[in-house]
Amino acid sequence: MKKGLVLLVLLFSMAPVHSQVLISLIFGDKLNSPFLEFGLEGGVNFSTISNLDTSGTEPGFNLGFYFDIRSKKNPAWMINTGVIVKSPMGAHGLPVYSLNDENLDKTFANGSVDREIRYFNVPILIKYQLKNGIYFKAGPQLGLLAKAFDKFHQEYDKEDVVYKKNIRDQIHVIDAGIAIGTGYHMKVGNGLNLTVQYYYGLVPVMKNDINPNSYNRSLYVTAGIPIGKGKAAQKRAQKEEELNKIPLPEEVKP
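If you're wondering where the values come from, they're calculated on a predicted model, not measured in any experiment.

### Comments concerning empty space enclosed by the protein
- This model, assessed by the stated rule, comprises two cavities of 30 Å³ or more.
- Considering the residues around the largest cavity, the lining is formed by 17 residues, among which Glu41, Ile84, Pro123, Gln197 and Thr222 are closest to the centre.
- Contributing elements (two or more residues each) for the lining of the largest cavity: β2 (58-70), β3 (77-94), β8 (193-201) and β9 (216-226).
- Along the lines of polarity and charge, the residues of the lining of the largest cavity split into seven nonpolar, eight polar and two charged.
- Of the pockets and cavities examined, the second largest cavity occupies roughly 40 Å³.

### Notes on the pattern of salt bridges
- Evaluation of the coordinates by the stated rule reveals four salt bridges.
- Across the pair lysine 106 and glutamate 102 runs a salt bridge, and its minimum N-O distance is 3.4 Å. With a gap of four residues between them, lysine 106 and glutamate 102 both fall in helix α3 (residues 102-107), about one helical turn apart. Both residues of the pair, lysine 106 and glutamate 102, count as exposed.
- Put simply, arginine 115 and aspartate 150 hold a salt bridge, and the shortest N to O gap is 2.8 Å. One end of the pair, arginine 115, is in strand β4 (residues 112-129); the other, aspartate 150, is in strand β5 (residues 134-156), with 35 residues separating them in the sequence. Judged on exposure class, the residue arginine 115 and its partner aspartate 150 are both buried.

### Re the nonpolar core
- Counting 20 residues, the largest nonpolar core has Ile49, Ile117, Tyr119, Leu145, Ala148, Ile171 and Val205 as the members making the most contacts within it.
- Breaking this core down by element, the ones donating at least two residues are β3, β4 and β5.
- Residue contributions to this core peak at four residues, all from β3.
- In this view, valine 205 contacts Ile49, Ile117, Tyr119, Gln170, Ile171, His172, Ser214, Tyr215 and Asn216; residues no more than four positions away in its chain are not counted.
- Formed by eight residues, the second largest nonpolar core is a distinct cluster that contains Leu40, Phe65, Val83 and Ile227.

### What about the side chain of asparagine 121?
- If you trace the backbone, asparagine 121 turns up in strand β4.
- Within the structure, the side chain of asparagine 121 is placed 2.9 Å from the side chain of serine 87, a separation counted as a polar contact.
- Not counting residues up to four positions away in its chain, the partners in contact with asparagine 121 are Gly82, Val83, Ile84, Ser87, Met89, Gln141, Leu142, Gly143 and Tyr220.

### Examining the confidence of the model for the protein chain
- Overall, the predicted model of the protein chain reaches an average pLDDT of 83, with 75% of residues at or above 70.
- Note that pLDDT drops below 50 for residues 1-5; the model gives that stretch five contacts with residues more than four away or on any other chain.
- Residue range residues 17-26 is modelled with pLDDT below 50. Its contacts to residues more than four positions away, or to other chains, number 15 contacts.

### Some thoughts on the environment of valine 85
- Relative to the assigned elements, valine 85 resides in strand β3.
- For valine 85, a relative accessible area of 11% corresponds to the buried category.
- Sequence separation between valine 85 and asparagine 121 is 36 residues, and the spatial gap between their C-alpha atoms is 6.7 Å.

### A closer look at a negative patch on the surface
- Taken together, Glu155, Asp157, Glu159 and Asp160 make up a surface patch of like negative charges.
- With respect to the secondary-structure elements, aspartate 160 resides in strand β6 (residues 159-166).

### Focus: the packing of aromatic side chains
- According to the stated counting rule, one finds eight aromatic pairs in the structure shown.
- An angle of 70° between the planes, with centres 5.1 Å apart, marks the rings of tyrosine 97 and phenylalanine 152 as edge-to-face. Taken together, the residues span a long stretch of sequence, with tyrosine 97 in the loop between β3 and α3 and phenylalanine 152 in strand β5 at a distance of 55 residues.
- Note on tyrosine 97: relative accessible area 28%, which makes it partly exposed.
- Residue phenylalanine 152 is classed as buried on the basis of its relative accessible area, which comes to 0%.
- Geometry around phenylalanine 35 places lysine 72 over its ring, the cationic atom sitting 5.9 Å from the centre.
- When the ring centre of tyrosine 200 is taken as origin, the NZ or CZ atom of arginine 217, which lies over that ring, is 3.6 Å away.

Reading the values: rules and limits
Going along each chain's sequence as written, the residues are numbered from 1 onward. Restriction of local features to residues with pLDDT of at least 70 applies here, the model being predicted, together with a cutoff of 80 or more for giving and counting side-chain atom pairs; totals for whole chains, interfaces and linings are based on all residues. Think of the side-chain values as coming from all heavy atoms in the structure, minus any hydrogens and water. Using a 1 Å grid laid over the protein atoms alone, points where a 1.4 Å probe fits but cannot get out form a cavity; open sets with protein on both sides within 12 Å along at least 5 of 7 lines form a pocket; any residue with an atom within 4 Å of a point counts as lining. Grid points are joined across faces, edges and corners, and a volume is the space filled by probe spheres set on the points. A run of DSSP states H or I qualifies as a helix once it reaches four residues; a run of E qualifies as a strand once it reaches two. Both are numbered from the N-terminal end. For this scheme, ten residues count as nonpolar: Ala, Val, Leu, Ile, Met, Phe, Trp, Tyr, Cys and Pro. Four count as charged, namely Asp, Glu, Lys and Arg, and the remainder, Gly too, count as polar. Salt bridge, as used here: a side-chain nitrogen of Lys or Arg that lies within 4 Å of a carboxyl oxygen of Asp or Glu. Each residue gets one of three labels from its accessible area relative to the maximum for its type: buried under 20%, exposed over 50%, partly exposed in between, using a 1.4 Å probe on protein chains only. For our purposes a nonpolar core is just a set of buried Ala, Val, Leu, Ile, Met, Phe, Trp, Tyr and Cys residues, chained together by side-chain atoms within 4.5 Å. Here a residue-residue contact requires only that any non-hydrogen atoms of the pair lie within 4.5 Å. Two N or O atoms form a polar contact when they lie within 3.5 Å of each other; inside protein one atom must be a possible hydrogen donor and the other a possible acceptor, and for residues adjacent in sequence the pair counts only when both atoms belong to side chains. One confidence number per residue, pLDDT, is output by the predictor and ranges from 0 to 100. Nonpolar side chains (Val, Leu, Ile, Met, Phe, Trp, Tyr) are joined into patches within 5 Å and like charges within 9 Å, using only residues with over 30% relative accessible area and no salt bridge. Working definition of accessibility: Shrake-Rupley area with a 1.4 Å probe, residue cover restricted to the visible protein chains. Only four residue types enter the tally: Lys and Arg on the positive side, Asp and Glu on the negative side; His and the chain ends are excluded. Throughout, a charge is located at the NZ atom of Lys, the CZ atom of Arg, the CG atom of Asp or the CD atom of Glu. Within 6.5 Å between ring centres, the rings of Phe, Tyr and Trp (the latter by its six-membered ring) count as paired, and their orientation is classed by plane angle as stacked under 30 degrees, edge-to-face over 60, tilted in between. Ring-over charges, as used throughout, are those where CZ of Arg or NZ of Lys falls within 6 Å of the ring centre and within 35 degrees of the ring normal.

Take a look at the structure:
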């Protein structure tokens, strides 16, 4: 099981979005058990960076996979983890700064900048689910930097002119913070999980000392769909039925 989890994480990290869905369908039933639920999770998130002069939050789409590892002693308690493979953060409407190019500076002089920072995020949360399906969860979240860029915007003749500047070398490679959320586990089908979750970053975003108190903040609204849960339950039922059909050996009479 451990080798399967490691392989799945590697495959998800390297594969594009459509391949991730295919991988989930292939491995889903193999990663589900009475005390382990595996599924795909995705939705929208609204991010900003604290202590920066911005005009609002930066919207984005997130996608990943999750595991709910239930306690055998009390199944209401579980560890909620996984990898948010596609998870953009950043800020919207930053002031324009110099690109050290006279033509570019003139082009975007009265424009705006959107900062997009992409991470592979790994939440490790303690989750408690009530009997009515409502759950609460909280814990640390770690992020590994993938890409970072500033998008300069300017409008000319009702057309948006965009320039991307790579700023990956200015961003800390590791991000970390606290995630807290609540949601509802629907009893329809194999159980859809609807979650609202907030991430509060504790590691400064930028490497330089210009904005030492700038941290990631992000609100997630997601839906989690168990993959292969029904198929796994069907396989277990078939095995139990086959075992029940096997005749027991007769007692040896003296």
